Amino acid sequence: MTQPTDNRRDDHRALLPDLLTAALTAAERGWPVIPLHPGSKRPAGHAERACPGTGRCAGGHRTPEERATTDPDLIHAAWAQRPYNVGIATGPAGLLVIDLDPVKAEEPEGAPDGATSLQALCERAGQVLPDTYRVRTARGEHLYFTAPAGVRLKCSVDRLGPHIDTRAWGGYVVAPGSTTLDGTYEVAHDAPVAELPAWLTALLTEPDGPAPVPVRVHDGTRAARTALERECAVIAAATEGGPNGRNNTLHRSACKVARFVAWGDIPRHVVEEAIQGAGEATGLPPAECRTTIRSALDWVIAHATPREAA
């Protein structure tokens, strides 16, 4: 009885939409997946700051990482609703993914991109990366590695070098088969996933350096500058999850400083740049920081009373 059922499912798989197939393929590898908004890299579902505290979150907000699953029935149910992109929860998947990004448009000519920075890192260490599974992203490349046993690696931003981010516990990557406005994610090299080299593990687990230099702002009124510097320090001290987690803290602090933008006391771009840097320093993905900051500033500025905005 079991074999015919499996055969029917296999036959049906050939007819499934590409995104559902991508989600099932990742799950079959033991990589828990989450739905991302169609055409986007943002997780579907409510944000932590908007958690209703009911249903699956009755016992507390469940992050996308906590909601990730390899259950094919749950995956079928989710992707039957909308053509979600596919996210892989790297921590639960036992993965450390190196994310190589391109140079930003505003950077000086000759600045190294992620691939160049990684090559330079290997040369300085006198090491060669092992052959491993690679995904061509919409703007760069993902290198998949098996995370070392007994070590709970977290996400990092530029820790290994300029434009080299890593995704592990607390993060996710967009799976091949997904498409954003920037392009499609595709398997570039379908090799077995290699173990993360010990020398890279050491770089990612060595004690952090000195505390970040406090943000110093030179534009805006004294009160606005003081508020922005204070809130950047609050953001930098935030930890993962909970009411005082990184994303919640980022949103609250952005809202507090946004009133000074509404009053004309400080330029918006100054606030965005400073808070973006503080958010990324906690390990939050740059895109998540930008979305949260933009949402907070837009709301406060739009709802400022005439008296406050005057």
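Quick caveat: nothing in here was measured; it's all calculated off a predicted structure.

**Description of the overall build of the chain**
Part 1 of the reasoning: Each helix and strand in the chain was counted, giving twelve helices and twelve strands.
Part 2 of the reasoning: Relative to its 310 residues, the chain shows a buried fraction of 41%.
Part 3 of the reasoning: If you take every contact in the chain between residues at least 6 apart in sequence, the share linking residues at least 24 apart comes to 73%.
Part 4 of the reasoning: For the chain, the computed accessible surface area is about 16300 Å², with 53% contributed by carbon and sulfur atoms.

**Overview of helix H10 (residues 268-281)**
Part 1 of the reasoning: If you check H10, its first and last C-alpha atoms are 20 Å apart, about what 14 residues at 1.5 Å a residue would give, namely 20 Å.
Part 2 of the reasoning: What H10 keeps buried is the set Val270, Val271, Ala274, Ile275, Gln276, Ala278, Gly279 and Glu280.
Part 3 of the reasoning: Each element contacted by the buried residues of H10 is listed here: strand E6 (156-157), helix H8 (222-236), helix H9 (246-262) and helix H11 (286-303).
Part 4 of the reasoning: Directly beyond the C-terminal end of H10, a positive phi value near 100° is found at Gly283.

**Things to note about the pattern of salt bridges**
When the charged atoms of two side chains lie near each other, side chains of opposite charge can form a pair.
Part 1 of the reasoning: What the rule picks out here adds up to six salt bridges.
Part 2 of the reasoning: For Arg230, the salt bridge is made with Glu231, and the minimal N-O distance between the two is 3.6 Å.
Part 3 of the reasoning: Arg230 sits in the partly exposed class, given a relative accessible area of 44%.
Part 4 of the reasoning: We classify Glu231 as buried; its relative accessible area is 5%.
Part 5 of the reasoning: Where Arg268 meets Glu272, a salt bridge forms, and the shortest distance between an N and an O atom there is 2.9 Å. With Arg268 and Glu272 both in helix H10, this residue pair falls four residues apart, about one helical turn.

**Some words on the sheet that holds strand E8 (residues 172-174)**
Part 1 of the reasoning: The three strands lie next to each other as E1-E2-E8, forming an open sheet whose pairing is antiparallel. Among the strands making up the open sheet, the edge pair consists of strand E1 (33-36) and E8. If you compare each strand with its neighbour and ignore which way they point, the axes differ by 35° on average.
Part 2 of the reasoning: Of the strand pairs in this sheet, E1 and strand E2 (residues 85-89) are connected by four bridges, and their pairing is antiparallel.

**A look at the nonpolar core**
Part 1 of the reasoning: With 30 residues, the main nonpolar core has Trp31, Val33, Ile75, Trp79, Ile88 and Tyr144 as its most contacted residues.
Part 2 of the reasoning: Among the elements that take part in this core, helix H2 (residues 18-28) stands out by supplying seven residues, more than any other.
Part 3 of the reasoning: Setting aside residues no more than four positions away along its own chain, Trp79 makes contact with Leu19, Leu20, Ala23, Val33, Ile34, Pro35, Tyr84, Asn85 and Val86.

**Some points on the environment of Gly45**
Part 1 of the reasoning: Along the chain, the position of Gly45 falls in the loop between E1 and helix H3 (64-67).
Part 2 of the reasoning: What makes Gly45 partly exposed here is its relative accessible area of 46%.
Part 3 of the reasoning: Those residues within four positions of Gly45 in sequence are excluded, and the remaining contacts are His37 and Arg67.

**Digging into the packing of H8 against H9**
Part 1 of the reasoning: Relative to each other, H8 and H9 sit at 180°, their axes nearing to 9 Å. If you check the angle between H8 and H9, you find them roughly antiparallel. Residues Ala223, Ala224, Ala227, Leu228, Glu231, Val234 and Ile235 of H8 touch H9, and the partners they reach there are Thr249, Leu250, Ser253, Lys256, Val257 and Phe260.
Part 2 of the reasoning: Considering only residue class, the contact of H8 with H9 consists of nine nonpolar, two polar and two charged.

**With respect to the packing of aromatic side chains**
Part 1 of the reasoning: Tallied over the full model, the rule gives five aromatic pairs.
Part 2 of the reasoning: Ring centres of Trp31 and Tyr133 lie 5.8 Å apart, and the angle between their planes is 65°; on these two criteria the pair is classed as edge-to-face. Taken together, the positions of Trp31 in the loop between H2 and E1 and Tyr133 in the loop between helix H6 (114-125) and strand E4 (134-136) put the pair 102 residues apart, joining distant regions of the chain.
Part 3 of the reasoning: Judged by its relative accessible area of 4%, Tyr133 falls in the buried class.
Part 4 of the reasoning: Centroid distance Tyr133 to Tyr144: 4.9 Å. Interplanar angle 85°. Geometry classified as edge-to-face. Of this pair, Tyr133 sits in the loop between H6 and E4 while Tyr144 sits in strand E5 (residues 141-146), placing them eleven residues apart in sequence. Summarising the burial analysis for this pair, Tyr133 and Tyr144 share the class buried.
Part 5 of the reasoning: Just above the ring of Tyr133 sits the side chain of Arg29; from NZ or CZ to the centre is 4.6 Å.
Part 6 of the reasoning: The ring of Trp169 has Arg152 sitting right over it, with the charged end atom 3.8 Å from the ring centre.

Criteria and thresholds
Residues numbered from 1 in each chain as written. Predicted model: local features only at pLDDT ≥ 70, side-chain atom pairs only at ≥ 80, totals over all residues. Heavy atoms only, no water. Helix = DSSP H or I, 4+ residues; strand = E, 2+ residues; numbered from the N terminus. Buried < 20%, exposed > 50% of the residue type's maximum accessible area, 1.4 Å probe, protein only. Contact = heavy atoms within 4.5 Å. Areas by Shrake-Rupley, 256 points an atom, 1.4 Å probe, with all protein chains shown as cover. Expected span 1.5 Å × (residues − 1). Salt bridge = Lys/Arg side-chain N within 4 Å of Asp/Glu carboxyl O. Pairing = 2+ DSSP bridges. Axes fitted to C-alpha atoms, helices over the stretch in contact; angles between N-to-C directions. Core = buried A, V, L, I, M, F, W, Y, C linked by side-chain atoms within 4.5 Å. Parallel < 35°, antiparallel > 145°, perpendicular 65-115°, else oblique. Nonpolar A, V, L, I, M, F, W, Y, C, P; charged D, E, K, R; others polar. Phe/Tyr/Trp six-rings, centres within 6.5 Å; stacked < 30°, edge-to-face > 60°. Lys NZ or Arg CZ within 6 Å of the ring centre and 35° of its normal.

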